[in-house]
Amino acid sequence: MDMDKVYNSKEVEKKWNRYWVENKTFSAKIDKNKKPFTIVIPPANVTGSLHMGHALNVILQDIIIRLKKMQGYNTLWVPGIDHGGIATQNVVEKFLKKEGITRHDLGREKFLEKMWQWRNETGSAILDQLKMIGCGLDWCRVSFTMDESCSKSVKKAFIQLFEKGFIYKGKRLVNWCPRCLTALSDIEVEYENEKSNLWHIKYPLIDSGSYIIVATTRPETMLGDTAVAVNPDDKRYMHLVGKTLKLPLVNREIKIVSDYIVDKTFGTGVIKVTPAHDITDNEIAKRNNLEIIEIIGINGKMINVPAKYLELSVEEARKEVGKDLEEAGFLAKIEDYVHSVGKCYRCSTKVEYLMSEQWFLNVREMSKKAIDAANDAKTVFYPQSWKRPYILWLENLRDWCISRQIWWGHRIPIYYCVDDKDSRKNCKPIASFDKPKECQYCKGKNFMQDGDVLDTWFSSALWPIGVFGWGENENSQDLKYFYPTSVLVTGHEIIYLWVARMVQFGLEFMKNVPYKDIFIHGIVRDKYGKKMSKSLGNVVDPCDIIEKYGTDALRFALAQSAAPGRDMQVSEESFLVARNFANKIWNASRFILMNLENIDKVDEDIKPAELADEWIITEFESTIAKVKTVYDSYNIDVAAREIYDFFWTKYCDWYIEVSKIRIASSDINVKRQALTILVYVLKGTLQLLSPVMPFITSEIWQILNKDEKIIVESVFPKTKASQFLESLEKMKTVQDIIVKIRTLKNEMNISSAVQIGALFNILDELDENKEKTVKENERYIKQLAKIASIQFGKNIERPKNSILVVADGFEIFLHLKGLVDIEKEKSRLLKEIVIAEQEIERTVVKLNNENFVKKAPKVEIEKIQTRLNNANVKIEKINKSLKFLE
RNA sequence: GGGCAGUUAGCUCAGUUGGAAGAGCAUUUCCCUUACAAGGAAGAGGUCGCAGGUUCAAGUCCUGCACUGCCCACCA
């Protein structure tokens, strides 16, 4: 078998991607004998193409799915895409704009045709990218939030909520995007700090020469003021409550009212009340029965205002009003001021509050249940620090504005009877799957469907039940078997927008949470810690990384830094490191496979023949245990690092190196025994790593096993207690000697390849076990420290032309061919003495501390005592050597 | 204003129940040794954000503060 010297990711990835899809490796069928493990993918927006955030998100899910599959679960990972409401409509509208047409030119029907056409042409690009990453999704179950099944779920949910009285229509103050021309829910508004001004405006009192000053960031809204409010406890203004003001520029007479919401300490302690365009003001208006005058229209232009301001944009009106106030002498002063401004999360246009008739969902009861679910640990956040923000948000939730004045989306399943022309019969709107046959009030036969569509998040909230066909059959087998799902993997930016709502709907419609665990991962940032964004130009395209370093490298790099809940900084370097790791695995495997060629078969049984065998088995077992634990708690980053460390620094650096002699042995039995363990640990490591790096591990696994099962269907290594715990300590002793000799050779500029003889003087305090260990394993020392011959003895004088290494229990003299550079050796030894003296100082301080000796555990004291003794012995030996040199 | 994270080597980050500060990258020296130079061996580099406290012992536990980032809020 030929393996390239460098791992070629491209061919391997192509091969396995095709294999998994063609063989339906990840397609799941109901199997009552197996426990299900289900994940429903956060559906990517149809407009989206794969970015690093997606890559991280799906890689983590894939790792979990592959792991659980190996652990024997019947795994299902459902793929899908989201129609993406406003965002998607915006994209298509932009294309139309290039052709010089608006959606209104086309009309609803034609426009929707365009939308669907667009969706069908571009909508599955992202799914292909998921395949490229190796995602073990069940490709037979691709869902779309606007397909038949999901649409039925949406209608069903709406009707149920409507009939329960949770959904109602009303004219209320809503967030309005003047560009998208639609209402938005509270969380679809993003706040940003912006430099602005605070205008102090004089409002003159009627029948008096004096005035009252209000401070505002939005002078143009004064045109819609219907009162001025002060705090009822504010001594400065108490006496003015009830008095009348003349509103400048408009000359409307407005009252001064009092309301506890007014903060005495802010600005002048007086606020102008514009009930039609501000939440606080609206509340004040309700409490004080104030008139509501709408002055901003749906396109963000002024209405119901004096002619000179009519049809001005808000910004223009602000300028004009400011200028006019100043000219008329109503402006007291303008201060610089920073405040946060709400913007549309889809187009960043400044959002206005305005009065509008919309559909709302009363969420009080549902959010209460969602809170209980978190408190009762029916859903658990990883990391749990997100539990509190989740609960707080739900506790303070206002009714959800669910209607949108766009066309792309689920049209609200409400029908109005149009036969009751003079409204005498008082026909009420009817919620229905299809157009009703007859009006239950007037027996009319003609209906008109509500023109609005639902917030895209309404259908998203139904995703975990919609994909299993809840809308068609709420008792479907799939739903029974796969719901509730096992874990939701997502970023924290949509905890409120999506996660909390899925929990609410899951509890409402299924009487059960949609998932047990919620795994929140961080955001991928650039190497300076900045968020990746197109405008900053710091976006790293995962496809480029795959092209350059391979998918496994991309996966490992992201997994390795994906600590739950924490943002991560990635740079080229992280992918390079991961790529190098892949190459290391490739070459270690290549080495073993090369040597396997002359062997018919490795043994069935794992029989350790020497110390290193016991040691690597023990280290491997503890790695399995640790990796399993951290995988299960979603600490995938720790698992990745743990495997990396084990494989590279233990398996490759020590075990393969130490095994080379046996591998090269002419005795076929010796060779087979060593390779048996090498293969056993290699295979196990590949399994541990397989969820993270599925391509390279699959490829090597297949070459190793020929006709056995593919690695994703193999059984994840089980944890077991080690029988060779003492091998750890023994190996440490040998390693310590090897490293010390290597260091010395390096310091003395002796090429590491030069073989030299060594004389081990066994010191009196060395215990027998240790002596035995070193003697039994002198081969390791010879081999790895490049020592030609070792002699052991006691009370040996330092030979001429040698240099000294003091290890625990040994004085090691290395024979030099030439003369020892006495000065160099001396200064080296003196340095070592200084280090040993510092050690003595540290330990003596501790041992002289009465409280330490009295209170610290025995083991600890013994440890310190040993350190002290070792340092003393070391100094003694070095001093003797120094004398000898003279 | 409230809340949540974070602060450890030049950079990115680990650090278990408190018991001699760790890795990768970068850097220095040596090595193309028949798995791997995308590699190997070794070195240098740290007042663990600051100030107190608990303890025989604190990067680790407690309190306060500073800085950074994020989330929430009725910032007129």
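Predicted model, so just to flag it, every value in this text is computed and none were measured. (Residues numbered from 1 in each chain as written. Chains lettered and ligands numbered in written order. Predicted model: local features only at pLDDT ≥ 70, side-chain atom pairs only at ≥ 80, totals over all residues. Heavy atoms only, no water.)

K.L.:
When you look at the overall build of chain A in this model, what are you seeing that I'm missing?
P.N.:
Across its full length, chain A carries 28 helices and 30 strands. Since a compact globule built from 886 residues should have a radius of gyration of about 29 Å, the 37 Å found for chain A marks it as more spread out than a globular shape. If one aligns the C-alpha atoms of chain A with their principal axes, the spans along those axes are about 115 × 65 × 55 Å. Residues counted as buried form 54% of the 886 residues belonging to chain A. Look at the contacts in chain A between residues 6 or more apart in sequence, and 77% of them connect residues 24 or more apart. (Helix = DSSP H or I, 4+ residues; strand = E, 2+ residues; numbered from the N terminus. Rg over C-alpha atoms; globule rule 2.2 N^0.38 Å. Buried < 20%, exposed > 50% of the residue type's maximum accessible area, 1.4 Å probe, protein only. Contact = heavy atoms within 4.5 Å.)

K.L.:
When you look at unusual backbone geometry in this model, what are you seeing that I'm missing?
P.N.:
Backbone phi values are negative for most residues with the exception of glycine, while trans is the configuration of most peptide bonds. Between Tyr-382 and the following residue, Pro-383, the backbone shows a cis peptide bond with an omega angle of 0 degrees. Relative to the elements of secondary structure, Pro-383 occurs in the loop between β16 (380–382) and α11 (387–395). Looking along the chain, the bond that leaves Tyr-483 and enters Pro-484 is cis, with omega of 0 degrees. Tracing the chain through its elements places Pro-484 in the loop between α14 (477–482) and β23 (485–491). Its identity as a non-glycine residue notwithstanding, Asn-251 has a phi of 65 degrees, on the positive side. Here Asn-251 shows up in the loop between β11 (244–246) and β12 (253–258). A residue is classified by how much of its surface remains accessible, and Asn-251, at 52% relative accessible area, is exposed. Phi at Ser-348 takes a positive value of approximately 65 degrees, unusual for a residue other than glycine.

K.L.:
Could you clarify how one ought to interpret the protein's contact with RNA strand B in this entry?
P.N.:
The environment of RNA strand B is formed by 49 residues, the closest being Asp-263, Ile-271, Ser-340, Trp-648 and Lys-855. Here the atoms of RNA strand B within 4 Å of the protein split so that 61% fall in sugar or phosphate, with bases taking the remainder. At 3.1 Å, a side-chain N or O of Asn-580 approaches a phosphate oxygen of RNA strand B. For RNA strand B, a sugar or linking oxygen lies 3.2 Å from a polar atom in the side chain of Asn-583. (Near = heavy atom within 4 Å. Polar contact = N/O pair within 3.5 Å; in protein donor to acceptor, adjacent residues only side chain to side chain.)

K.L.:
I'm lost on the environment of Lys-770 in this one. Help?
P.N.:
When you line up the elements, Lys-770 lands in helix α24 (residues 768–776). By relative accessible area, Lys-770 is classed as partly exposed at 24%. Along the primary structure Lys-770 and Gly-809 are separated by 39 residues, whereas in three dimensions their C-alpha atoms are 8.3 Å apart. Sequence-distant contacts of Lys-770, defined by excluding residues within four places in its chain, comprise Thr-733 and Asp-808.

K.L.:
How should I be thinking about the pattern of salt bridges in this particular structure?
P.N.:
Think of it this way: side chains of opposite charge can pair up when their charged atoms draw near. This model, assessed by the stated rule, comprises 55 salt bridges. Asp-455 serves as the salt-bridge partner of Arg-404, at 3.0 Å between the closest nitrogen and oxygen. Pair noted here: Arg-404 is in strand β18 (residues 403–404) and Asp-455 is in the loop between β22 (453–454) and α12 (456–461), with a separation of 51 residues, a long-range link. One exposure class covers both Arg-404 and Asp-455, and it is buried. Residue Lys-628 is joined to Asp-632 by a salt bridge in which the shortest nitrogen-to-oxygen separation is 2.8 Å. Here Lys-628 and its partner Asp-632 are both found in helix α19 (residues 611–632), 4 residues apart, which amounts to about one turn of the helix. Assessed through its relative accessible area of 30%, Asp-632 is described here as partly exposed. (Salt bridge = Lys/Arg side-chain N within 4 Å of Asp/Glu carboxyl O.)

K.L.:
Just checking my understanding: could you explain the nonpolar core for this structure?
P.N.:
It is characteristic of soluble globular proteins that their nonpolar side chains tend to be buried jointly. Ranked by size, the top nonpolar core spans 141 residues in total, and within it Tyr-631, Tyr-651, Phe-760, Ile-781, Ile-812 and Leu-814 carry the most contacts. Top contributing element to this core by residue count: helix α20 (residues 636–663), with 13 residues. Sequence-distant contacts of Ile-781, defined by excluding residues within four places in its chain, comprise Val-734, Ile-737, Ile-738, Ile-741, Phe-760, Val-774, Lys-786, Ile-787 and Ile-790. Judged by nonpolar contacts, the second largest core, of 63 residues, contains Ala-28, Phe-166, Leu-361 and Tyr-483. (Core = buried A, V, L, I, M, F, W, Y, C linked by side-chain atoms within 4.5 Å.)

K.L.:
Sorry if this is basic, but what is going on with the pairing of strand β30 (residues 810–815) here?
P.N.:
It is a general feature of regular strands that their side chains alternate between the two faces of the sheet. When you tally the buried positions in β30, you get 5 out of 6 residues, the bulk of the element. Note: strand β27 (residues 756–762) against β30, 5 bridges, orientation antiparallel. The partner of Leu-759 across the bridge, within β30, is Phe-813. Once strand β29 (residues 802–807) ends, the chain turns through 2 residues before running back antiparallel as β30, passing Gly-809 with a positive phi of about 90 degrees. (Pairing = 2+ DSSP bridges.)

K.L.:
When you look at the sheet that holds strand β2 (residues 44–45) in this model, what are you seeing that I'm missing?
P.N.:
Across the sheet, 3 strands lie side by side as β2-β4-β5; this open sheet has parallel pairing. Bordering the open sheet on either side are β2 and β5 (143–144), each of which pairs with just one other strand.

K.L.:
Quick question: what am I supposed to make of a positive patch on the surface here?
P.N.:
A cluster of basic side chains, namely Lys-94, Lys-97, Lys-98, Arg-179 and Lys-534, defines a positive patch on the protein surface. Relative to the helices and strands, Lys-534 resides in the loop between β25 (524–525) and α16 (542–549). Among the residues examined, Lys-534 registers a relative accessible area of 81% and is labelled exposed. (Patch = residues over 30% accessible without salt bridge, like charges linked within 9 Å, V, L, I, M, F, W, Y side chains within 5 Å. Areas by Shrake-Rupley, 256 points an atom, 1.4 Å probe, with all protein chains shown as cover. Lys, Arg positive; Asp, Glu negative; His and termini not counted. Charge placed at Lys NZ, Arg CZ, Asp CG, Glu CD.)

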